[in-house]
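Here is how the chains run, residue by residue.
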Amino acid sequence: MAQELSFEELFDTEFLSALEAFTLRAKRVPQGGFFANQNSPSRGSGLEFQDFKAYVPGDDIRAIDLNIYQRLGKLFIRIFEEQRNLPIYLLVDQSASMYLEDSSRIIAGLRSALALTSLSLSQHDSVALYSFTDQLHTLTRSRTGKHNLIPIARLMSELYQGTTTDLSDSLAEFGQYKLRRGLLVVISDFFDPMVFEDFARRLRLVKHRSILIQLVKDSDGDPTLQAELNGDVRLLDCETNIGLDISIDPVVLTRYRNAYQDFTRKLANDAAASNSGLLVVNVEQDVLKQLSSMFQYPV
């Protein structure tokens, strides 16, 4: 049966209060949009004073600094750095592997998504929420304003356990949407057998800056931490229901650890190849403290 999580399971009062500690500052923001608290590469009559420059015909005469003219007899204008909003597009994995073992991955994933939503809305940025299994689902198109935090959180709490994962096709579909360039955040365990076929290329094709949030457990890299995994066992793929009978011994464990290291290395390489950020979040630890290291703000 598909698992569902209540709002209270996902976002308790203590967690919601802690979201106020976050502030997101983007290094570079695409042109367009409303004025907000993100620095844009363009310069004009924005909010933050940047520099002076000599006046040339065509410049905005309202920006002329009369104090300098009175002192030097020359016309200079004040240059301001425009501040514009940053569209944030959140893609959350809702496939079956996210719901295994007390649903810890989906809880950490949705808390990560809500943390990013909170700090984005507080900066007057826009947030759009999507989920994916073997196809892409639009949960809400771009919203702005702090008042949208709880409605978006309730949409997250309505997610239910899906089946298989197809991130590559989901990214391909997302890339076809005519959206203003912004920041794409993919939140997943990335346990998709097809994810490495053309993952880096698909990320580049979406034409957004990207951040990958990989949700992990300690036992992912060391299965001996799960006491039941010893001797003769039958492994069952939770998404395909394909079973495999195996005898766990030191040779098998070594092969598994090597395969998992290859998996994590490939994900990191694909992130670098697509100029994407990669943040590894351990779902068994405090999510907000780990996210704070990404944005360099204390919780």
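Residues numbered from 1 in each chain as written. Predicted model: local features only at pLDDT ≥ 70, side-chain atom pairs only at ≥ 80, totals over all residues. Heavy atoms only, no water.

A. Main features of the pairing of strand β9 (residues 231-236). In the sheet, β9 pairs with strand β10 (residues 243-248) via 6 bridges, with the strands oriented antiparallel. Residue pairing for β10: L235 is matched across the bridge by L244. In this structure, the hairpin formed by β9 and β10 is closed by a connection of 6 residues, where N241 is found at a positive phi of approximately 65°. (Pairing = 2+ DSSP bridges. Helix = DSSP H or I, 4+ residues; strand = E, 2+ residues; numbered from the N terminus.)

B. Molecular detail of the side chain of D189. Within the secondary structure layout, D189 lies in the loop between β7 (183-188) and α7 (199-205). Lacking a salt bridge, the buried D189 has R105 as its closest oppositely charged neighbour, with an N-O distance of 4.3 Å. A polar atom in the side chain of D189 sits 2.6 Å from the side chain of S97. Of the polar contacts made by the side chain of D189, one reaches the backbone nitrogen of F191; its length is 3.0 Å. Discounting chain neighbours no more than four positions away, the residues touching D189 are D93, S97, M98, R105, Q214, L215 and F263. (Buried < 20%, exposed > 50% of the residue type's maximum accessible area, 1.4 Å probe, protein only. Lys, Arg positive; Asp, Glu negative; His and termini not counted. Salt bridge = Lys/Arg side-chain N within 4 Å of Asp/Glu carboxyl O. Polar contact = N/O pair within 3.5 Å; in protein donor to acceptor, adjacent residues only side chain to side chain. Contact = heavy atoms within 4.5 Å.)

C. Spotlight on unusual backbone geometry. Residue F190 is not a glycine yet carries a positive backbone phi of 60°. Positioned with a positive phi, N275 is a non-glycine residue whose angle comes to about 60°. N275 gets classed as exposed once you look at its relative accessible area, which sits at 69%.

D. Structural view of helix α6 (residues 167-175). Those residues of α6 that fall on the buried side of the exposure criterion are L167, S168, S170, L171 and F174. Summarising the axial view, the buried residues of α6 lie within an arc of 160°, below the 170-degree limit, and thus occupy one face. Taking the backbone nitrogen of D169 as reference, a side-chain oxygen 3.0 Å away marks D166 as the first, capping residue of α6. (Arc of directions from axis to C-beta.)

E. Summary view of the pairing of strand β6 (residues 136-143). Where strand β5 (residues 126-132) and β6 come together, 5 bridges link them in antiparallel fashion. Note on β6: the bridge partner recorded for S131 is H137. Connecting the antiparallel pair β5 and β6 is a turn made up of 3 residues.

F. Quick peek at the side chain of D125. Turning to its location among the elements, D125 is positioned in the loop between α4 (100-122) and β5. Buried charged residue D125 carries no salt bridge. Nearest counter-charge: R180, at 7.2 Å. Among the polar contacts made by the side chain of D125, one reaches the main-chain amide nitrogen of L86 at a distance of 2.8 Å.

G. How the structure looks around the nonpolar core. Residues F11, V185 and I213 are the most contacted members of the largest nonpolar core, which totals 41 residues. Per-element tally for this core: the top contributor is α4, with 10 residues. Contacts of I213, omitting those with residues within four sequence positions, involve L116, V185, V186, I187, S188, F190, L279, V281 and L291. Membership of the second largest hydrophobic core comes to 21 residues, among which are L136, L171, F263 and A271. (Core = buried A, V, L, I, M, F, W, Y, C linked by side-chain atoms within 4.5 Å.)

H. Layout of the sheet that holds strand β4 (residues 87-93). Read across the sheet, 6 strands follow the order β6-β5-β4-β7-β8-β11 without closing on themselves; strand pairing throughout is mixed. Taken across any chain shown, the strands that pair with only one partner, and hence form the sheet edges, are β6 and β11 (277-282). In this sheet, adjacent strand axes meet at a mean angle of 15° when their direction is disregarded. The pairing of strand β8 (residues 209-216) with β11 spans 6 bridges and is parallel. By the bridge assignment for β11, Q214 is matched with V280. Sitting on the sheet, helix α5 (residues 149-157) is in contact with β5 and β6, with an inclination near 175° to β6. Against the sheet, α6 touches β4, β5, β6 and β7, its axis set at about 160° to β7. (Axes fitted to C-alpha atoms, helices over the stretch in contact; angles between N-to-C directions.)

Everything listed here is a matter of geometry and, on its own, says nothing about what the molecule does.
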